[in-house]
Amino acid sequence: MNYRPVIVWFRNDLRIEDNPALFYARETGAPVIAVYILDDRLAWAPGAASRWQLHHSLKSLAQDLESTGTKLILRRSDSQKAILALAEETGARGVFFNRRYYGKHIAIDDAVTAELEGAGVKVETFNGLLLREPWELKTGAGGPYRVFTPFWRSLRAMGPARQSPLPRLRRIKGPKRFPKSDRLEDWAFLPEKPDWAKEFADVWRPGENSARKRLNAFLQESIANYADERDRLDKEHVSRLSPCLALGVIGPLQIWSAVRKAVSEAQAEKFLSEVAWREFCYNLLYYNPDLPEAPLRKEFADYPWRNDRKELTAWRKGLTGYPVVDAGMRQLWRTGWMHNRARMIAASFLVKDLQIPWQQGKAWFWDTLVDADLANNAANWQWVAGCGADAAPYFRIFNPIAQGEKFDPEGDYVRQFVPELADLPAKFIHAPWTAPKAALENAGVTLGKSYPFPIINHKEARQRALAGYAEIKRV
Ligand SMILES: Cc1cc2nc3c(=O)[nH]c(=O)nc-3n(C[C@H](O)[C@H](O)[C@H](O)COP(=O)(O)OP(=O)(O)OC[C@H]3O[C@@H](n4cnc5c(N)ncnc54)[C@H](O)[C@@H]3O)c2cc1C
């Protein structure tokens, strides 16, 4: 019965190399129908910037699949209904997909599996997203990890579940007749009026080939400096692989294995431990399905949050008057990405200086990041807010001036993204209100006009935040 096709249901695994669902579907010898379903009602459906990335990644995947002999079918619908309908319509004998780790998505996959199997269609699922499944890594007591260091020790000792990545597929048999597909353009993922993504294409080259090139360039040019320089905002010795990982255009095993081949274990350590943070975040999400909405440390639900719309808007627009915060927020708006150090500084400013709920910041990141990832976004916001697992202690409140001076000592990062301060000497660039009148004049800066005064006094805000924390501790 080899003429009955198998369906590969693509989700956050938009690649043809090291994609277990695709690989084993092809191994059956049956024609392969590849499908991507856009489900607008899915919990945490992709945000606007992710859709830009998704558009280009789907386009690239479709081309790659076509070069092998099959096609990518696109459907916009309720995902459960769409996959069942496609199985029926094509007479598929199997549906293959890589597993997801968020409760509401798992529920869909379980329901689909039950219905398909009830109809005699075999379902096969795989691990295509993680080095190890959450349930493979357990503490000595048998529970999930809540602290990163022992988690990383355990993951490093076990290594990835598979020894090496599965090969890139060159030939995949398609069906005689392909089912109908939506046109990607009709999904209107690319913004037009206004085109807020116009600079994205200068920064990002979506697609599997580009991801591989990016990884290789990082291994050749930057990994040697990663441990020492990864926090420098002005240098960028980071991989920028996050948008590729978020959509699965590259998988963690491909990264792990390339890194291990390219550099010594000692040189690989810091970078791989960051890749392991991603795994840790997925573990947290898997075991805490309400991670995106509710604090892991429940007492934080009673924190005296403020909901100041004006301050939230200033933060979103990069107009807080703290240059390093503003540079980060504008880098995000212009490029869809922000350096990790800037994410930490900007997030700390929102939740601690402004006392605005972390969920608000997370929602903005979800919509504006090209690498928006449910597990990483939620776990990191909780980490910064002090309410997550193994989180930064609440009383560690970043001073945005000191952080700027340390991680952008010459002010180059600020100059790039806050051009109205470009001519200020480095000495004043992280606190322009401390600059003498003449220095401001020479630099063409008029505080309150060309660049805002700080919207809040950091020292006072810090005291207020600590008082809020003391309150929930008392309760
Ligand atoms: C408030 C906040 C929100 C964040 N939201 C996201 C998000 O939505 N999506 C996302 O991918 N990352 C998020 N991060 C984590 C981190 O900032 C990015 O993964 C990183 O900046 C991506 O750049 P890179 O690929 O050059 O990282 P590199 O330093 O080159 O690291 C390589 C990979 O390791 C993983 N990684 C690195 N740091 C972390 C981390 N702290 N937590 C989890 N994984 C990590 C990422 O997959 C990254 O691509 C967030 C961090 C903060 C503080």
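Calculation rules
Residues numbered from 1 in each chain as written. Predicted model: local features only at pLDDT ≥ 70, side-chain atom pairs only at ≥ 80, totals over all residues. Heavy atoms only, no water. Core = buried A, V, L, I, M, F, W, Y, C linked by side-chain atoms within 4.5 Å. Buried < 20%, exposed > 50% of the residue type's maximum accessible area, 1.4 Å probe, protein only. Helix = DSSP H or I, 4+ residues; strand = E, 2+ residues; numbered from the N terminus. Contact = heavy atoms within 4.5 Å. Pairing = 2+ DSSP bridges. Right-handed = clockwise from strand over helix to strand, strands pointing away. Near = heavy atom within 4 Å. Polar contact = N/O pair within 3.5 Å; in protein donor to acceptor, adjacent residues only side chain to side chain. Areas by Shrake-Rupley, 256 points an atom, 1.4 Å probe, with all protein chains shown as cover. 1 Å grid on protein atoms, 1.4 Å probe; cavity = no way out; pocket = protein on both sides within 12 Å on 5 of 7 lines; lining within 4 Å. Sits in = over half its atoms within 2 Å of the grid points. Domains from an automatic or database assignment. Buried area = accessible area lost by both parts, 1.4 Å probe. Axes fitted to C-alpha atoms, helices over the stretch in contact; angles between N-to-C directions. Parallel < 35°, antiparallel > 145°, perpendicular 65-115°, else oblique. Left-handed = near helix turned anticlockwise from the far one by under 90°. Points joined across faces, edges and corners; volume = space filled by probe spheres on them. Nonpolar A, V, L, I, M, F, W, Y, C, P; charged D, E, K, R; others polar.

### Concerning the nonpolar core
In a soluble, globular protein the nonpolar side chains are often hidden away together inside. The biggest cluster of nonpolar side chains holds 141 residues, and the ones touching the most others in it are Phe-10 and Trp-315. Per-element accounting of this core gives the leading share, 10 residues, to helix H11 (residues 265-287). Every residue in contact with Phe-10, bar those within four places of it in the chain, is listed here: Arg-15, Asn-19, Leu-22, Ala-34, Val-35, Tyr-36, Leu-61, Leu-65 and Leu-72. Leu-42, Ala-45, Ala-82 and Leu-86 belong to the second-largest nonpolar core, a separate cluster that totals 21 residues.

### Observations concerning the pairing of strand S1 (residues 6-10)
In terms of burial, S1 is a largely internal element, 5 of the 5 residues being buried. Alternating positions in S1 separate into two faces, Val-6, Val-8 and Phe-10 on one and Ile-7 and Trp-9 on the other, with burial throughout. Relative to strand S2 (residues 32-38), S1 runs parallel, the two being bridged by 5 bridges. Paired with Trp-9 across the bridge in S2 is Val-35. The parallel pair S1 and S2 is bridged by helix H1 (residues 20-27), and the resulting crossover is right-handed. Two elements, S1 and strand S4 (residues 94-98), share 3 bridges in a ladder whose sense is parallel. Bridged to Val-8 within S4 is Phe-96.

### Overview of the site of the ligand
By nearness alone, 28 residues border the ligand, and Tyr-226, Ser-239, Arg-240, Asn-340 and Asp-371 come closest of all. Between an oxygen atom of the ligand and a main-chain N or O atom of Arg-240, the distance comes to 2.6 Å. Contact with the protein chains removes 97% of the 820 Å² of surface that the ligand exposes when unbound. Cavity membership is defined here by more than half of the atoms lying within 2 Å of grid points; on that basis the ligand lies in the largest pocket. When residues of the shell around the ligand are traced back to their parent elements, those giving at least two are helix H9 (242-246), H11, helix H14 (340-353) and helix H16 (374-385).

### Examining the domain arrangement of the chain
Under the domain assignment, the chain is made up of domain 1 (6-129), domain 2 (130-164 + 208-287) and domain 3 (298-474). Measuring from the centre of the C-alpha atoms in domain 1 to the corresponding centre in domain 3 gives 39 Å. Taken together, the 10 residues of domain 1 in the interface contact 8 residues of domain 3. Counting each side, the surface lost to burial between domain 1 and domain 3 is near 740 Å², with a carbon and sulfur contribution of 63%. If you sort the residues of domain 1 by the area they bury against domain 3, Trp-44, Ala-49 and Ser-50 come out on top, with a joint share of 63%.

### As for the packing of helix H3 (residues 79-90) against helix H4 (residues 103-118)
Helix-helix packing: each pair is described by the crossing angle between the helix axes and the interaxial distance. The interhelical angle for the contact between H3 and H4, taken along N-to-C directions, is 25°, at an axis separation of 10 Å. The angle between H3 and H4 places the two elements in the roughly parallel class. When you trace H3 past H4, the crossing you get is right-handed. Residues Ser-79, Gln-80, Ile-83, Leu-84 and Ala-87 of H3 form the contact with H4, whose own contacting residues are Ile-108, Ala-111, Val-112, Glu-115 and Leu-116.

### Overview of empty space enclosed by the protein
What the rule picks out here adds up to 4 cavities of 30 Å³ or more. Counted as a void, the largest cavity has a volume near 500 Å³. Taken together, 30 residues line the largest cavity, and the ones lying closest to its centre are Asn-12, Leu-42, Trp-44, Arg-100 and His-105. Listing elements by their share of the lining of the largest cavity, those giving two or more residues are S1, S2, H11 and H16. Here the lining of the largest cavity takes 3 residues from S2, the largest share from any one element. Residue composition of the lining of the largest cavity, grouped by class: 19 nonpolar, 5 polar and 6 charged.

### Some words on the side chain of Arg-240
Within the secondary structure layout, Arg-240 lies in the loop between helix H8 (223-229) and H9. Residue classification places Arg-240 among the buried positions, given a relative accessible area of 15%. Among the polar contacts made by the side chain of Arg-240, one reaches the side chain of Glu-236 at a distance of 2.7 Å. Excluding anything up to four places from it in sequence, Arg-240 contacts Val-203, Trp-204, Arg-214, Gln-331 and Trp-337.

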